[in-house]
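Secondary and tertiary structure notes
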Amino acid sequence: MFGNDWDEVLKDEIRQPYFEELMQRVGEEYRTHTVYPPEPLLFQALKLTPFATVKAVILGQDPYHGPGQAHGLSFSVMPGVKIPPSLRNMYKELNSDLGLPIPNHGYLIRWAEEGVLLLNAVLTVREGQAASHQKLGWQRFTDAVIRAIGERTQPAVFILWGAHAQKKASLIDTGRHAALKSVHPSPLSARGGFFGSRPFSQTNDYLNSHGIQPINWEIPSL
């Protein structure tokens with residue numbers, strides 16, 4: 001299903017009746033409405049970042065609901081799409097935190113390949129209807145993904161921006177992993193504590209302290 005070690009990690013989860021029902025509901029949504037991300041990219045976060053390679057998790061809420069934006073990675077948009085405001089603020093913080101140049105696009109596949117799991121709590125959305133799939137049942141599955149990483153002995157950093165993401169802290173063993181919390185990078189809240197929170201260097205400091213190769217956060221411009 002995922003084409004990597006997530007297949008083994010989540011095998012019991014995807015055999016459960018709720019998951020089969022969820023997939024039926026999601027399939028019906030794709031048949032009867034315009035739904036994002038495109039169906040082939042539904043599990044892109046798990047496909048691009050195998051379980052064993054996860055160094056950090058950036059939790060989003062649900063996908064972008066505009067045409068051509070969402071492609072299965074939280075906060076990321078397809079090349080050629082205008083950079084959304086929250087991601088623009090993430091880039092500003094990346095620049096002030098690590099001195100890295102701000103890229104000219106919002107395609108975060110490089111982070112996924114570096115071991116950053118870009119996971120949304122809800123994996124689908126109807127076009128133009130934010131949070132329209134909040135009650136479809138995705139959270140049980142994505143909570144299982146978070147829990148699986150949380151139960152791993154190899155340390156990881158959970159980056160929890162905003163109240164919605166911070167609710168997931170209860171799934172994480174913070175004796176074994178780091179949980180970095182701040183307000184959301186959205187323009188509505190970023191000045192209330194996101195700017196200056198240094199999540200990128202904090203993540204790398206934690207990984208370094210546990211003998212794990214730090215993440216190269218640089219995203220080259222296209």
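Residues numbered from 1 in each chain as written. Predicted model: local features only at pLDDT ≥ 70, side-chain atom pairs only at ≥ 80, totals over all residues. Heavy atoms only, no water.

Side note on the sheet that holds strand β3 (residues 116-120)
Taken in spatial order, the 4 strands line up as β3-β2-β5-β6 in an open sheet, and their pairing is parallel. Two strands close off the open sheet at either side, each with one partner strand: β3 and β6 (178-182). When strand polarity is set aside, the average angle formed by the axes of neighbouring strands in this sheet is 20 degrees. Two elements, strand β2 (residues 56-60) and β3, share 5 bridges in a ladder whose sense is parallel. Bridge pairing in β3 places L59 opposite L119. Against the sheet, helix α7 (residues 138-150) contacts β2, β3 and β5 (157-161), and its axis sits at roughly 155 degrees relative to β3. (Pairing = 2+ DSSP bridges. Helix = DSSP H or I, 4+ residues; strand = E, 2+ residues; numbered from the N terminus. Axes fitted to C-alpha atoms, helices over the stretch in contact; angles between N-to-C directions. Contact = heavy atoms within 4.5 Å.)

Notes on the packing of aromatic side chains
Taken as a whole, this structure holds 13 aromatic pairs when the rule is applied. When the ring of W111 is compared with that of F200, the centres are 5.8 Å apart and the planes differ by 45 degrees; the resulting orientation is tilted. Residue W111 is found in helix α6 (residues 109-113), and its partner F200 is found in helix α9 (residues 199-209); the two are separated by 89 residues along the sequence. Grouping residues by exposure puts W111 and F200 together as buried. Aromatic ring contacts, followed pair by pair, group F2, Y18, F19, F43, W138 and F141 into a single cluster. One Lys or Arg, R152, reaches over the ring of F51 and ends 5.5 Å from the middle of that ring. (Phe/Tyr/Trp six-rings, centres within 6.5 Å; stacked < 30°, edge-to-face > 60°. Buried < 20%, exposed > 50% of the residue type's maximum accessible area, 1.4 Å probe, protein only. Lys NZ or Arg CZ within 6 Å of the ring centre and 35° of its normal.)

With respect to helix α5 (residues 85-98)
Taking 1.5 Å per residue, 14 residues should reach 20 Å; α5 reaches 20 Å between its end C-alpha atoms and fits that length. Along α5, the residues that are buried comprise S86, L87, N89, M90, Y91, E93, L94 and D97. Just beyond α5, the residue with positive phi is G99, at close to 75 degrees. (Expected span 1.5 Å × (residues − 1).)

Some remarks on the pattern of salt bridges
Tallied over the entire structure, the rule returns 7 salt bridges. Note that D12 and R15 form a salt bridge whose closest N and O atoms lie 3.7 Å from each other. Taken as a pair, D12 and R15 share a single burial class, namely exposed. (Salt bridge = Lys/Arg side-chain N within 4 Å of Asp/Glu carboxyl O.)

So, the pairing of β6
Here β6 shows a clear split, with A178, L180 and S182 buried on one side and none of A179 and K181 buried on the other. One ladder, built from 5 bridges, connects β5 with β6; its direction is parallel. Counterpart to I159 in the pairing with β6 is L180.

Some remarks on the nonpolar core
Counting residues in hydrophobic clusters, the biggest one holds 69 residues, and the most contacted among them are W6, W111, L117, W138, F141, I149 and W217. For this core, the element with the highest residue contribution is α7, accounting for 6 residues. (Core = buried A, V, L, I, M, F, W, Y, C linked by side-chain atoms within 4.5 Å.)

Focus: the pairing of β3
Of all 5 residues making up β3, 5 are buried, and the element is well covered by its neighbours. The two faces of β3 match: V116, L118 and N120 on one face and L117 and L119 on the other face are all buried.

Thoughts on unusual backbone geometry
For the peptide bond that leads from Y36 to P37, omega is -5 degrees, which places it in the cis range. Tracing the chain through its elements places P37 in the loop between β1 (35-36) and α4 (44-48). You will see that F75, though not glycine, has its phi angle at about 70 degrees, which is positive. Turning to its location among the elements, F75 is positioned in the loop between β2 and α5. Owing to a relative accessible area of 9%, F75 belongs among the buried residues under this scheme. Unlike most non-glycine residues, R198 shows phi in positive territory, near 50 degrees. Structurally, R198 can be placed in the loop between β6 and α9. The exposure class assigned to R198 is partly exposed, which follows from its relative accessible area of 42%.

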